[in-house]
Each structure stands twice: as structure tokens, then as C-alpha cells.
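# Analysis of the macromolecular model
What follows is each chain in one-letter form.
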Amino acid sequence: MEQLAGGGDNSRPPSCTEKVAFSVFRYFPYGGLQLDMMRIARELVSRGKEVVVFCMGYDIDEIPPGISFRKLDVRGLTNHAKARNFEKRLAVELQKEKFGCHVAFNRLTPADWYFAADMPFVESCKRSFLEKLMPRYKVFARMEKDLFSPENTTGILCITTAQMRDFQRIYGTPSERMFLLPPGIDRKFADGLKLRENRADLRRELGIYEDETLLIQVSSAFRTKGVDRSIAAVASLPENIRRKTRLLVVGKGKPAAYIKFANSCGIGSQVFFAGGREDVPELIAAADLMIHPARNEATGTVLLESLACGTPVLCSSNCGFAPMVKESGGVVLPRLFRQKLLNRTLMVTLSTPDKLSDLQRAAENYGRNGDFYRRAACAADLITGQHSDVEV
């Protein structure tokens, strides 16, 4: 067992009282960060806490008991100006009311805890010298530096070891402020393997024939997660394989450009955009392979959701959970992404006799023995100070 990273009790922010403040720029269903936030909020409520979420906007059908949303109206002509003004307004609001602690889900100060859902902003993508001189870069880089500065005291809740290593390398953040959380997916995936027993019925409902292969990609940020790469890979398959392959994209994104791209590749009728869905476990269980060639992915929770359902994964190596995909027997592409290699890898996976069925058996075994659900509980332990040591 690996010990949760971080120092002793004296290095941690104080445990909170009954009311906890959360902050996030925007809340919307199906976002990975937002799902983690809500799971942690529910866990705190189950322990007798009240959670107040400060944000610039939210989209939620039904707010769970014990959780409330407070929208702060901030002005700004650009997103970075709004972010800066939100940070200032939030600091004022937190002083008006007694909160046991403040948990930030975007790079905001002051905060007792920060849930780090992303890799470092300053290294998240390649930027030119001129881009780094622009106000947007300067504002977000400053907000990140303030949060991770050695002079700050915010506890950092990390979700991968690579993430911890990068933040410490860039900012020199003391180790005693860094805490590594275990994986955490929704408990509804706990029945994923049972759902897989009903794959025939699920596939029939989706209109997938027995001799067809269903690929699935779950994402709301289509470009960041490489949906265009997946479409190109399907389009590159030999005709006899391609005509029996379907790609289902699940997530609340903007599909118009990708539908156009699929049509230009000649596979428009084989690529389906399902939008945001509540039945994601059923859709994953019905699929033959999860494909996730992301350009940038701090973790890749959907990869673990897929494995919990016994559905194998093909992903890029920059996904934080790529090592777990490898452990499961799945396919991880080399760090330097090449579209031709993805094309060939997918072709070999779908054309080699028994290759896909072997991957599926390995994924089912991994899903049967994996522990994917403890992140929210461990985060709540740290936030409330209920345990001095937490293992992952």
C-alpha cells in the first residue's frame, strides 16, 4: 500500500466546522472536475456538514440537500478578467460569513484546500513567446503561482503522482502541503460488470449488430480529448473493418465541426454524438473498446469508469491514469503522439484474431478486483481532519 503523500497533522490546514465553502468558476453536469466536486460535497454532507458553492454560474437540475449554490455576479470583457474579479469578490464574501474552511476547485486564493484536477497551467500546452505576454496567460499563470508558492499554506489535493511532481518542480511547493488522493469514480459504476452481462440487450437498443464493433469516447472537451484523432483513426481502417465499426461520442460538447469532419472522411453515418447522458455506465458496458487519444488529460476518470465496466481502453500516454490502463492489459500509445501509429494500433487491435476478446477478458478481471471509489471519502477525511493518515 502506498502512503498518502503529505506531512503530519501540524502541516495540514485546520479541520473545518459545520459549514464548508467550495468555489468553482462554473458548475455544469458531466464535467470531470464538477463530478469530483459534487461527490466530495455529498460525502461532506453525509458527515453532517453544510456545503456552500460559490461560482459565476451553474447548471443543475436538482440541487442535493445540504448543498447550496451562490452565484457571484462579476464583470469583465474576457474570461481572465472575470476570473480575476471573481477571485477578488470571493475573498470578500468569505469574510462575511463563518466558514470552517474553503476548498477551491479552480486556482483561487485564499483557500485552505485546492483540488488539483489539471496539470500545471504554465505547461498545459505549448505557447509562443508572444502568447506568454498576453494578459490571459499572465493572469492565469499568476493565479497558479500564488496558489502553489512556497509562502502559501494551501493544502493541495492531487490526483496523480506526475501532477504532484510537476507542481513541485515548477514552484517548489513543500511536500508537506501535497496530498495524493486515490481514484474516485461514481458508485453507479460498481454494477458495471453486471451491466456487461446484458450487453446483447444494450447493443440491440443502440442498433448495433452482433458482427459490428462499437468504440466509445466519453468527453465534453472534444478537441482536448482527441475526438478528431478518433474519427481519423476509424476513417483509416481497411474497408472491410471500417464498415463494421461505429464510434459513439458521449459528452456535452459542440459536435458540429466534428460531424463535418466525419462526413469529410466518409464515415458520417458511423459516428454518433449522444450529448450528455445519465446512462453512461450502460453505454460503456455495451461498447467493445474505449478510445481516448487525449492531447491533455490530468487523469482520465473515464478510463477507470470503462475498466470498472470491463471495457478495455486504448489511450494516449499523457493520461494520468495511463499506468492503470497498462496494468489492466489495455493499450497505451507512446508519449510522442503520431496519428499514423494510432491508426495502425486500432487496425491491429480490431483485425488480429482474438485480440479484442483477450483485451476484454483482461479488463473484466481488472474491473473485478480494482478499487476505484475512495477519492471523495479520502478528500473528506483530509478536509475534516478526521484521520491523521490515509492510505491509497
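Remember, predicted model here, so these are calculated numbers, not experimental data. (Residues numbered from 1 in each chain as written. Predicted model: local features only at pLDDT ≥ 70, side-chain atom pairs only at ≥ 80, totals over all residues. Heavy atoms only, no water.)

## Focus on the sheet that holds strand E3 (residues 50-55)
Pairing is parallel in the open sheet, where seven strands are placed in the order E5-E3-E1-E6-E7-E8-E9. For this open sheet the edge positions go to strand E5 (67-71) and strand E9 (178-180), each flanked by a neighbour on one side alone. Neighbour-to-neighbour, the strand axes of the sheet open up by a mean angle of 25°, direction not taken into account. Along the sheet, helix H2 (residues 79-96) contacts strand E1 (19-23), E3 and strand E6 (101-104); its crossing angle with E3, the most-contacted strand, is approximately 150°. (Pairing = 2+ DSSP bridges. Helix = DSSP H or I, 4+ residues; strand = E, 2+ residues; numbered from the N terminus. Axes fitted to C-alpha atoms, helices over the stretch in contact; angles between N-to-C directions. Contact = heavy atoms within 4.5 Å.)

## Details of the environment of Asp59
Relative to the helices and strands, Asp59 is located in the loop between strand E4 (57-58) and E5. The sequence separation of Asp59 and Arg142 amounts to 83 residues, and the corresponding C-alpha distance is 28 Å. Contact partners of Asp59, with chain neighbours within four places excluded, come to Tyr27, Phe28, Pro29 and Lys252. There is a polar contact of 3.0 Å between the side chain of Asp59 and the side chain of Lys252. (Polar contact = N/O pair within 3.5 Å; in protein donor to acceptor, adjacent residues only side chain to side chain.)

## Regarding the pairing of E1
Counting buried residues along E1, four of its five residues qualify, which places the element largely inside the surrounding structure. One ladder, built from five bridges, connects E1 with E3; its direction is parallel. Looking at the pairing, Lys19 lines up with Glu50 of E3. By the bridge criterion, four bridges tie E1 to E6 in an arrangement that is parallel. Residue pairing for E6: Phe22 is matched across the bridge by Val103. (Buried < 20%, exposed > 50% of the residue type's maximum accessible area, 1.4 Å probe, protein only.)

Any functional reading would require information that these geometric values do not contain.
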